[in-house]
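Examination of the molecular architecture
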Amino acid sequence: DVNVFPAWERGVVGSGNVVVAVIDGGVDFNHEDLAGNMWEGKDTLGNTIHGYNFVYDSYTINPESHGTHVAGTIAAINNNGIGASGIAGGNAAEGIKGASIMSCQIFDGEDSGGNGAAAIVWAANNGAVIAQNSWGFPHEENPNLTDTPEYIKEAIDYFNTHAGCDENGNQLPDSPMKGGVVFFSAGNESRSMGYPASYQECIAVSGIAGDYTLAYYSNFGDWVDISAPGGDAYKSQYVYSTVVNDSYDSYQGTSMACPHVSGVAALILSEFGGPGFTREDLIDRLLTTAADI
C-alpha cells in the first residue's frame, strides 16, 4: 500500500543513524522483533537506556502495546523470519540495522499522561531527527480547545530547528539531517479539525483504507499533509504490528497511519541523508512524490 517493495529491492532498508522518537506509550524494547533496532543512550550513571519516561520522570520505560505497535510499523526488524516488517526495519539477513527507535513515554495506562512537549524537546536534544506522535487532544475531552496549545507549538518549533544540530545550529557530523520533522496523527473523530496535527509546522497524517478512500474514523481537511494506511474495521482491514511480550496484533486508527509516514521518512533519510541534507529536503521529497488520491 505504501509501495515500499521497490525500495527494499534496491537495498534501501533503513539505517541505524536515523533516530526516530516514538512519543507515545512505552515501547517494548526487549521485543523479539524490535530489540535489535532500539536506540541506545546512557543515563547519568552510565547505564544503557532506550529513551525516557515522562510519566514518572525516570529512565525506566514501561512497555505498552500502543507505542510498541507504532514502533513496529516504523522499524520492526525485517528479513528475520519472524513477526512483522517495519518500513525502515533494515535487513537482518544481511546484517543491516534499521532505523533506531527512541522511546519517549508519555502514556502509561489509560489514565496517566506525561508532558508531550518536554518529550519532543528531549528527543531533539538526544539525537532524534524524526518525532513520531500518534496522540492529540480529542474534541470530546477538550471541547473548548480552538487551537494547538502554545507550549506544544514551541516544542514542535524547537524540534524542527534544533534536531540534528549542535548548540551553534550546525549539523552534527553523524546526523543524517539538519533540523527535524515532527509527524502527528490527524485524529479519529471524523471531524474537520484536529490538534496538534493541524499546526502548520508539523506534518499531519490522515488514515485511509485499503482501497485508498478516507477511513471512516479519520479527521480530514486541507490542513492534512499526507495520508497513509490506517486500517478500516468496516472493511475488515487492520494494520498488523508488534505489541508487548513478543506478541503481534492488528489495530486501526490514524495512530497506525502516522508511523507509516515516519517510517518512509526514515527510509528516505537512510538513502539520501547526510551532510547538507535538510528538513526541507525531506519534506519536499516526501510530499511531492506521494500518490495524488
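Preceding this paragraph is the structure being described.
The present account deals with the structure reproduced in this document.

Definitions and limits used
Residues numbered from 1 in each chain as written. Predicted model: local features only at pLDDT ≥ 70, side-chain atom pairs only at ≥ 80, totals over all residues. Heavy atoms only, no water. Patch = residues over 30% accessible without salt bridge, like charges linked within 9 Å, V, L, I, M, F, W, Y side chains within 5 Å. Areas by Shrake-Rupley, 256 points an atom, 1.4 Å probe, with all protein chains shown as cover. Salt bridge = Lys/Arg side-chain N within 4 Å of Asp/Glu carboxyl O. Lys, Arg positive; Asp, Glu negative; His and termini not counted. Charge placed at Lys NZ, Arg CZ, Asp CG, Glu CD. Helix = DSSP H or I, 4+ residues; strand = E, 2+ residues; numbered from the N terminus. Buried < 20%, exposed > 50% of the residue type's maximum accessible area, 1.4 Å probe, protein only. Pairing = 2+ DSSP bridges. Phe/Tyr/Trp six-rings, centres within 6.5 Å; stacked < 30°, edge-to-face > 60°. Lys NZ or Arg CZ within 6 Å of the ring centre and 35° of its normal. Axes fitted to C-alpha atoms, helices over the stretch in contact; angles between N-to-C directions. Left-handed = near helix turned anticlockwise from the far one by under 90°. Contact = heavy atoms within 4.5 Å. Nonpolar A, V, L, I, M, F, W, Y, C, P; charged D, E, K, R; others polar. Polar contact = N/O pair within 3.5 Å; in protein donor to acceptor, adjacent residues only side chain to side chain. Core = buried A, V, L, I, M, F, W, Y, C linked by side-chain atoms within 4.5 Å. Disulfide = S-S within 2.5 Å.

On the surface, E150, E154, D157 and E201 cluster together into a patch of negative charge. Mapped onto the secondary structure, E154 falls in helix α4 (residues 150-162).

For strand β12 (residues 239-243), the buried fraction is high: 4 of the 5 residues fall into the buried class. Here β12 runs beside strand β13 (residues 247-251); their pairing, made up of 5 bridges, is antiparallel. Its bridge partner lying in β13, V239 is registered against Y251. Counting the residues that bridge the hairpin from β12 to β13 gives 3 residues, and of these N245 lies at a positive phi of roughly 65 degrees.

This part takes up the packing of aromatic side chains. Per the stated rule, a full pass over the model turns up 11 aromatic pairs. Plain terms: the ring middles of Y240 and Y248 are 5.9 Å apart, the flat faces sit at 15 degrees to each other, and that makes the pair stacked. In this structure, R285 packs its charged tip against the face of F272, placed 3.8 Å from the ring centre.

One can describe the packing of helix α2 (residues 65-75) onto helix α5 (residues 254-272) by two numbers: an axis separation of 8 Å at closest approach and a directional angle of 35 degrees. When the axes of α2 and α5 are compared, the crossing they make is right-handed. Contacts from H66, H69, V70, T73 and I74 of α2 reach α5 at S255, M256, P259, H260, S262 and G263. A breakdown of the residues in the contact of α2 with α5 according to their chemical character gives 4 nonpolar, 7 polar and no charged.

Time to look at the sheet that holds strand β10 (residues 203-208). Taken together, the 7 strands give an open sheet; going across it, the order is β4-β7-β1-β8-β9-β10-β11, and neighbouring strands pair in parallel fashion. A strand with exactly one partner marks an edge of an open sheet, and here the two such strands are β4 (51-53) and β11 (226-229). Recorded for the sheet is a direction-independent mean angle of 25 degrees between the axes of neighbouring strands. Both strand β1 (residues 19-25) and strand β8 (residues 130-133) contribute to a ladder of 4 bridges, which runs parallel. Paired with V22 across the strands is Q132, a residue of β8. Of the strands in this sheet, β8 and β9 (181-185) touch α4, which is tilted by about 140 degrees from β9.

So, on to the environment of A209. Along the chain, A209 turns up in the loop between β10 and β11. Considered as a pair, A209 and I226 are 17 residues apart in the sequence and their alpha carbons are 14 Å apart.

Quick look at α2 now. Among the 11 residues in α2, 10 count as buried, and that is most of the element. For α2, the set of buried residues is S65, G67, T68, H69, V70, A71, G72, T73, I74 and A75. Elements in contact with the buried residues of α2: β1, β7 (100-107), β8, β12, β13 and α5. The residue sitting at the N-terminus of α2 and contributing the capping side-chain oxygen is E64; that oxygen lies 3.1 Å from the backbone nitrogen of H66.

Relative to the helices and strands, D281 resides in helix α6 (residues 279-288). Assessed through its relative accessible area of 33%, D281 is described here as partly exposed. Placed 103 residues apart in sequence, D281 and K178 show a C-alpha to C-alpha distance of 9.7 Å.

Before going further, it helps to examine the nonpolar core. Judged by nonpolar contacts, the single largest core of 40 residues is most densely connected at V20, I101, I130, F183, L269 and L282. Among the elements of the structure, β1, α2, β9, β10, β11, α5 and α6 are those that each provide at least two residues to this core. Sort the elements by how many residues they give to this core and α5 lands first, with 9 residues. In this structure, I101 is in contact with V20, V22, V27, N37, M38, W39, H50, A71, I74 and A75, ignoring residues within four places of it in sequence. W39, A117, A124 and F137 belong to the second-largest nonpolar core, a separate cluster that totals 35 residues.

Scanning the entire structure with this criterion turns up 0 disulfides. With no disulfide partner, C165 has as its closest neighbouring cysteine sulfur the one in C104, 18 Å distant. The buried category is assigned to C165, whose relative accessible area is 11%. The structure places no disulfide on C202, whose sulfur is separated from the nearest cysteine sulfur, that of C258, by 8.9 Å.

Position of T73 relative to the elements: it lies in helix α2. Once you skip the residues sitting within four places of it in the chain, T73 turns out to touch G86, I87, V239, S241, M256, P259 and H260.

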